[in-house]
Amino acid sequence: MADHDNHRERLLTLMEVLIGAFAYVQALLEDLPLPVTIPDFTPGDDEDAPTTALLSLDRVRHIIPDLPISGRHKQAFDHAILDWFTAYELIVITKMAGPAPWRLDAAEFSLNRVVTWIEMIEEDEPEVDES
């Protein structure tokens, strides 16, 4: 039973990190030379808010190539979003199918990559691409 409680606690922690990472990416997108605004991920009164946020984040991947930022930052944003989606999917599967250790490990690994991409983006301000 203690192992089950540890898995549940770890899942809750990963969910908190997932929501925090979304908010951080959201803030980074708003700070771009051409700000990109996406809705909040956390549900409130609107039950469709998480789905709307997910679809908006997916659309961001399609506009990133057109943003006036360096290729390095375009790649970092794209990879951060993909890694965030990977963690999200793994957490959803874990909630549905149970907290298998590999799912939690993989979700944590993806979230660690999101943090790495965020650090790369923050390392220096997104450079405006003059081309």
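The structure this text deals with has already been given above.
Below or above, wherever it landed, is the structure these notes cover. Throughout this description, residue numbers start from 1 for each chain and increase along the sequence as written. In keeping with the model being predicted, local features are shown solely for residues with a pLDDT of at least 70 and side-chain atom pairs are shown and tallied solely at 80 or more, while totals for entire chains, interfaces and linings include all residues. Water and hydrogen atoms play no part in the side-chain values, which are based on all heavy atoms of the structure.

**Points about the overall build of the protein**
Okay, so step 1: A count of helices and strands for the protein gives four helices and zero strands.
Okay, so step 2: Scanning the protein from its N terminus toward the C terminus, one meets helices and strands in the order α-α-α-α.
Okay, so step 3: Relative accessibility decides the category of a residue: with a 1.4 Å probe and only protein chains considered, values under 20% of the type maximum give buried, values over 50% give exposed, and everything between is partly exposed. Split into buried and exposed, the 131 residues of the protein put 40% on the buried side.
Okay, so step 4: Considering only contacts in the protein between residues 6 or more positions apart, those separated by 24 or more positions represent 66%. The helix count covers DSSP runs of H or I at least four residues long, the strand count covers runs of E at least two residues long, and both are numbered beginning at the N terminus. Residue contacts are defined here by distance: any two heavy atoms, one from each residue, within 4.5 Å place the two residues in contact.

**Observations regarding the side chain of T94**
Okay, so step 1: Relative to the helices and strands, T94 is located in helix 3 (residues 71-97).
Okay, so step 2: Relative accessible area serves as the criterion here: at 2%, T94 is assigned to the buried category.
Okay, so step 3: Pairing of N or O atoms within 3.5 Å defines a polar contact, subject to two protein rules: one partner must be a possible hydrogen donor and the other a possible acceptor, and residues neighboring in sequence count only if both atoms are side-chain atoms. Among the polar contacts made by the side chain of T94, one reaches the main-chain carbonyl oxygen of L90 at a distance of 2.7 Å.

**Structural notes on the pattern of salt bridges**
Okay, so step 1: Put simply, a salt bridge is a Lys or Arg side-chain nitrogen that is within 4 Å of an Asp or Glu carboxyl oxygen. The final tally for this structure, using the stated rule, is six salt bridges.
Okay, so step 2: Here E108 makes a salt bridge to R10, at a shortest N to O gap of 2.6 Å. Note that E108 is positioned in helix 4 (residues 101-123) and R10 in helix 1 (residues 2-30), a separation of 98 residues in sequence.
Okay, so step 3: Looking at E108, the relative accessible area reads 33%, which means it is partly exposed.
Okay, so step 4: Among the salt bridges present, the one from D83 reaches R113, with a minimum N-O distance of 2.6 Å. Here D83, found in helix 3, pairs with R113, found in helix 4; they are 30 residues apart in sequence, far enough to count as distant.
Okay, so step 5: Several salt bridges converge on common partners, so that one network encompasses R10, D105 and E108.

**Overview of the environment of S56**
Okay, so step 1: Relative to the assigned elements, S56 resides in helix 2 (residues 49-63).
Okay, so step 2: With a relative accessible area of 9%, S56 lands in the buried category.
Okay, so step 3: Residues S56 and I38 lie 18 residues apart in sequence; the distance between their C-alpha atoms is 5.9 Å.
Okay, so step 4: The contacts of S56, once residues within four sequence positions are left out, are I38 and P39.

**Re the nonpolar core**
Okay, so step 1: With 35 residues, the main nonpolar core has L29, L57, F77 and W84 as its most contacted residues.
Okay, so step 2: Listed by contribution, the elements that provide at least two residues to this core are helix 1, helix 2, helix 3 and helix 4.
Okay, so step 3: With nine residues, helix 3 is the largest single contributor of residues to this core.
Okay, so step 4: Discounting residues that sit within four places of it in the chain, W84 has contacts with L18, A21, F22, F41, L54, L57 and V114. In this description, a nonpolar core means a group of buried Ala, Val, Leu, Ile, Met, Phe, Trp, Tyr and Cys residues linked to one another through side-chain atoms lying within 4.5 Å.

**Structural notes on the layout of surface pockets**
Okay, so step 1: In this structure, the largest pocket occupies an estimated 170 Å³ of space.
Okay, so step 2: Taken together, 11 residues line the largest pocket, and the ones lying closest to its centre are M15, L18, F41, Y88 and K95.
Okay, so step 3: Residue assignment for the lining of the largest pocket shows that the elements contributing at least two residues are helix 1 and helix 3.
Okay, so step 4: Residue classes in the lining of the largest pocket are distributed as nine nonpolar, one polar and one charged. Cavities and pockets are found on a 1 Å grid laid over the protein atoms alone: a cavity is a set of points where a 1.4 Å probe fits but cannot escape, a pocket is an open set with protein on both sides within 12 Å along at least five of seven lines, and a lining residue has an atom within 4 Å of such a point. Grid points are joined across faces, edges and corners, and a volume is the space filled by probe spheres set on the points. Each residue is assigned to one class: nonpolar for Ala, Val, Leu, Ile, Met, Phe, Trp, Tyr, Cys and Pro, charged for Asp, Glu, Lys and Arg, and polar for all the others, Gly among them.

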